Amino acid sequence: MTIQKHVFEVPPVAAIPVTGSDELFPVRRIYCIGRNYVAHVEEMGGQADRDPPLFFQKPTDSVVLTGTEIPYPPKTDNYHHEVELVLAIGKGGRNISEADAMSHVWGYGVGLDMTRRDLQGGSSGLPWEIAKSFDRSFPVGALTPASQTGDITSGRISLSVNGKVVQDSDVSLLIWKLPEIIARLSEFFELVPGDIILTGTPHGVGPVVPGDKLVATFDGLAPLEISIGAAL
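Residues numbered from 1 in each chain as written. Predicted model: local features only at pLDDT ≥ 70, side-chain atom pairs only at ≥ 80, totals over all residues. Heavy atoms only, no water.

Chemist: Residues and numbers for the packing of aromatic side chains, please.
Modeler: Under the criterion given, the structure shown has four aromatic pairs. Centroid distance Tyr-72 to Tyr-79: 5.2 Å. Interplanar angle 75°. Geometry classified as edge-to-face. Tyr-79 matches Tyr-72 in its accessibility class, with the two residues each being buried. Lys-58 extends its terminal NZ or CZ atom over the ring of Phe-134, reaching a point 5.9 Å from the ring centre. (Phe/Tyr/Trp six-rings, centres within 6.5 Å; stacked < 30°, edge-to-face > 60°. Buried < 20%, exposed > 50% of the residue type's maximum accessible area, 1.4 Å probe, protein only. Lys NZ or Arg CZ within 6 Å of the ring centre and 35° of its normal.)

Chemist: Break down the sheet that holds strand 6 (residues 69-72) for me, with residues and values.
Modeler: Spatially, 6-18-17-13-14 is the arrangement adopted by the five strands of the open sheet, whose pairing is mixed. Single-partner strands in this sheet number two, and they are strand 6 and strand 14 (164-170). Averaged over all adjacent pairs, the angle separating strand axes in this sheet is 20°, with direction ignored. With five bridges connecting them, strand 13 (residues 156-161) and strand 17 (residues 213-218) associate as antiparallel partners. (Pairing = 2+ DSSP bridges. Helix = DSSP H or I, 4+ residues; strand = E, 2+ residues; numbered from the N terminus. Axes fitted to C-alpha atoms, helices over the stretch in contact; angles between N-to-C directions.)

Chemist: Before we move on, can you summarise the environment of Asp-118 with the specific residues and values?
Modeler: Mapping Asp-118 onto the fold places it in the loop between strand 10 (115-116) and helix 3 (128-132). Asp-118 sits in the partly exposed class, given a relative accessible area of 36%. Residues Asp-118 and Asn-36, 82 residues apart in the sequence, show an inter-C-alpha distance of 21 Å. With residues up to four places along the chain from it excluded, the contact list for Asp-118 reads Thr-76, Asp-77 and Asn-78. Side-chain polar atoms of Asp-118 contact the side chain of Thr-76, separated by 2.5 Å. Of the polar contacts made by the side chain of Asp-118, one reaches the backbone nitrogen of Asp-77; its length is 2.7 Å. (Contact = heavy atoms within 4.5 Å. Polar contact = N/O pair within 3.5 Å; in protein donor to acceptor, adjacent residues only side chain to side chain.)

Chemist: Account for the sheet that holds strand 16 (residues 206-207), with residues named and values stated.
Modeler: If you walk across this open sheet you meet the three strands as 10-7-16, and the pairing is antiparallel. Looking at which strands have only one partner, the edges of the open sheet turn out to be strand 10 and strand 16. Alignment of strand 7 (residues 79-81) against strand 10, held across two bridges, turns out to be antiparallel. Across the sheet, the residue bridging to Tyr-79 is Arg-116, located in strand 10.

Chemist: Summarise the layout of surface pockets; cite the residues concerned and give the values.
Modeler: The computed volume of the second largest pocket comes to approximately 190 Å³. Taken together, Pro-11, Pro-12, Val-13, Ala-14, Ala-15, Val-27, Thr-60, Asp-61, Val-63, Val-64 and Leu-65 make up the full set of residues lining the second largest pocket. Of the residues forming the lining of the second largest pocket, the biggest block, three residues, is contributed by strand 5 (residues 63-65). In terms of residue class, the lining of the second largest pocket is built from nine nonpolar, one polar and one charged. (1 Å grid on protein atoms, 1.4 Å probe; cavity = no way out; pocket = protein on both sides within 12 Å on 5 of 7 lines; lining within 4 Å. Points joined across faces, edges and corners; volume = space filled by probe spheres on them. Nonpolar A, V, L, I, M, F, W, Y, C, P; charged D, E, K, R; others polar.)

Chemist: So what's going on with helix 5 (residues 178-188)? Residues and values would help.
Modeler: Along helix 5, the positions that sit buried rather than exposed are Leu-178, Glu-180, Ile-181, Ile-182, Ala-183, Leu-185 and Ser-186. Buried positions along helix 5 lie against strand 3 (30-34), strand 4 (54-58), strand 8 (83-89), helix 2 (98-101), strand 9 (105-112) and strand 15 (196-198).

Chemist: Tell me what's going on with the pattern of salt bridges, and back it up with residues and numbers.
Modeler: Tallied over the full model, the rule gives seven salt bridges. Between Asp-195 and Arg-28 there is a salt bridge whose closest N-O contact spans 2.8 Å. On the criterion of sequence distance, the pair formed by Asp-195 in the loop between helix 5 and strand 15 and Arg-28 in the loop between strand 2 (24-26) and strand 3 is long-range, its members being 167 residues apart. Looking at Asp-195, the relative accessible area reads 0%, which means it is buried. Salt-bridge contacts for Lys-132 lead to Glu-82; the nearest nitrogen and oxygen are separated by 3.2 Å. Of this pair, Lys-132 sits in helix 3 while Glu-82 sits in the loop between strand 7 and strand 8, and the two are 50 residues apart along the sequence. (Salt bridge = Lys/Arg side-chain N within 4 Å of Asp/Glu carboxyl O.)

Chemist: Report on unusual backbone geometry, specifying residues and quantitative values.
Modeler: At Lys-75, a residue that is not glycine, the phi angle is positive and equals roughly 60°. With respect to the helices and strands, the residue Lys-75 is situated in the loop between strand 6 and strand 7. Although it is not a glycine, Asn-95 sits at a positive phi angle of roughly 50°. Assignment of secondary structure puts Asn-95 in the loop between strand 8 and helix 2.

Put into structure tokens, the structure is as follows:
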């Protein structure tokens, strides 16, 4: 029998720590939703209509864990922070109903959708891949199981840069609520345990530079702390 081998060593599976445990949550796909807080849509020059959700993805190896220094990315002069509530999916499915959606959530965390804003040009925000899906574009804190938090429908989400709060809101202000996000996404993709969903950022997004220290928080969840290093 022929034993097949990979042509090179397989990279390790991206995984996120779990609070109060030595377990890790393995990451399969990272889904994101854009323009999901009224005030953020308006600060970006858009109209806060209840349009269909805008979904995009980040690569699995964009995951960065708390306590890390991440280098300033290449080909940008306007590198932005976007703090977001993160959902971790523990039960998969297609065409999930809103009524059942929250039963598919394994846990929650707080993360950052880092963005090369100057490459996110025009009213369309294109090209999404270059602006959103680059290396180390998804810093994320440890996950807390939903069994400990219960279903999250509200809670303060904030980000400070060098000790100054720059984003400060409540997830109750999401345009598309968490069950709606899960249900809508499952119409287009089969959700699988290990999937991650970033739920949108509130107003107050802005640039960071080398030397900046960022702390993202959400009520009852582990904080995320990262710093920005020198440019690559």
